[in-house]
Amino acid sequence: MRGSKTSEHEELHVLNPGVSWSPNGEKIIFAAKSGESDALFIYDVKKNKQIKKIVFPYNDNLFIEGITKPVWNPKRDIIAFVGNNGISSDIYIYDLDLDILENITNDWYSDLEVSWHPNGEDMLIVSDRLDNIELDQRVDLFNFQNHNINNFDIYKISKKSDYYLTRLTNTESNEIHAKYSPNGSYIAYISDQSGINNIYISNDDCASSTPITNVLTGITQLNWNSNNQIIFTGFYK
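Residues numbered from 1 in each chain as written. Predicted model: local features only at pLDDT ≥ 70, side-chain atom pairs only at ≥ 80, totals over all residues. Heavy atoms only, no water.

### Quick word on the side chain of Asp38
Test applied: Each helix corresponds to a stretch of at least 4 residues labelled H or I by DSSP, and each strand to a stretch of at least 2 residues labelled E; elements are numbered beginning at the N terminus. Here a polar contact is taken to be a pair of N or O atoms separated by no more than 3.5 Å, where protein atoms must pair a possible hydrogen donor with a possible acceptor and residues adjacent in sequence count only if both atoms sit in side chains.
Here Asp38 shows up in strand β4 (residues 37–44). Within the structure, the side chain of Asp38 is placed 2.8 Å from the backbone nitrogen of Ile67, a separation counted as a polar contact.

### As for the packing of aromatic side chains
Which entries qualify depends on this criterion: Pairing of aromatic side chains requires ring centres within 6.5 Å, counting the rings of Phe and Tyr and the six-membered ring of Trp. Pairs whose planes differ by under 30 degrees are stacked, by over 60 edge-to-face, and all others tilted.
Throughout the structure, instances matching the rule amount to six aromatic pairs. Ring centres 5.6 Å apart and planes at 20° place the aromatic pair Phe56 and Phe81 in the stacked group. Highlighted residues: Phe56 in the loop between β5 (49–54) and β6 (66–72) and Phe81 in strand β7 (residues 78–84), separated in sequence by 25 residues. Relative to Phe63, the ring of Tyr58 has its centre 5.5 Å away and its plane inclined at 80°; by these criteria the two rings are edge-to-face. Members of the aromatic cluster, connected to one another through ring pairs, are Phe56, Phe81, Tyr92 and Tyr94.

### Observations regarding unusual backbone geometry
The line we're drawing: Here the term buried applies to any residue with accessible area under 20% of the maximum for its type, exposed to any over 50%, and partly exposed to those in between, with areas from a 1.4 Å probe on protein chains only.
With phi around 55°, Lys69 is a residue other than glycine that occupies positive phi space. Turning to its location among the elements, Lys69 is positioned in strand β6. Using a relative accessible area of 14% as the deciding quantity, one classes Lys69 as buried. We note that His177 has phi near 50°; this positive angle belongs to a residue other than glycine. Assignment of secondary structure puts His177 in strand β14 (residues 175–180). Given a relative accessible area of 11%, His177 falls into the buried group.

### Here's the deal with the sheet that holds β6
The test is simple: What makes two strands pair is DSSP finding at least two bridges between them. Axis lines are fitted to C-alpha atoms, over the contacting stretch for helices. Their N-to-C directions set the angle, which ranges from 0 to 180 degrees.
Taken in spatial order, the four strands make up an open sheet running β6-β7-β8-β9, and their pairing is antiparallel. Two strands bound the open sheet, and with one partner strand each, they are β6 and β9 (100–103). Sheet twist, expressed as the average angle between the axes of neighbouring strands with direction ignored, equals 25°. Where β6 and β7 come together, five bridges link them in antiparallel fashion.

### Focus: the layout of surface pockets
Definition in use: A cavity here means a set of points on a 1 Å grid, drawn over the protein atoms and nothing else, where a 1.4 Å probe fits but cannot get out; a pocket is an open set with protein on both sides within 12 Å along at least five of seven lines, and a residue lines either one if it has an atom within 4 Å of a point. Grid points are joined across faces, edges and corners, and a volume is the space filled by probe spheres set on the points.
Space inside the largest pocket adds up to approximately 970 Å³. Taken together, 35 residues line the largest pocket, and the ones lying closest to its centre are Ser20, Val71, Ser115, Lys179 and Asn223. Where the lining of the largest pocket is concerned, the elements lending two or more residues are β2 (19–21), β6, β10 (111–116), β11 (123–127), β14, β18 (219–226) and β19 (229–234).

Take a look at the structure:
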């Protein structure tokens, strides 16, 4: 499948990629520009064809211009993704079976990434919200005059009766690409704590962590391949 060939897939997000497998390993989901905004596409790998295109039409309560980092729930047919309305980005959840879209964070802060816990309930997100962990709060934009939009931390989204946030990291460095291990015991993430992006591991929800790489050119992305193996990308030269 290629972008820029038809209006169906005008542009694949090469600089901000995100492809996720279904729980049964037979399908993938990805986002691409299609018309005036982005859409989600489900591709059946075994049948070698696209089987669904998901668009979110504009209305008074919803406007999603850009979609990035879609991730398939490991237990159910639910997709979490980052949606951008041109001003800010939020974490959305879309139920494929019920055709229901829900804005989880719904505020002015920038949420950059989302990933699922293996239990299919909790999520990790990366955001610039600092200590502002109340969800669905659109504060006065004038309050953003002194807000540091260049500091990103890791937060956990959980749910009891409603969704709620817990801040996991609280540093002056940037923590990004947070991922649970397949058994849920560890969190791996990238931090520029040393001045260069490298991989850190935590087994206590980021209360403490240990660097496991020291790559002078920096790490750009990571994912778990097994409970004791991580794959990552970085600059070689």
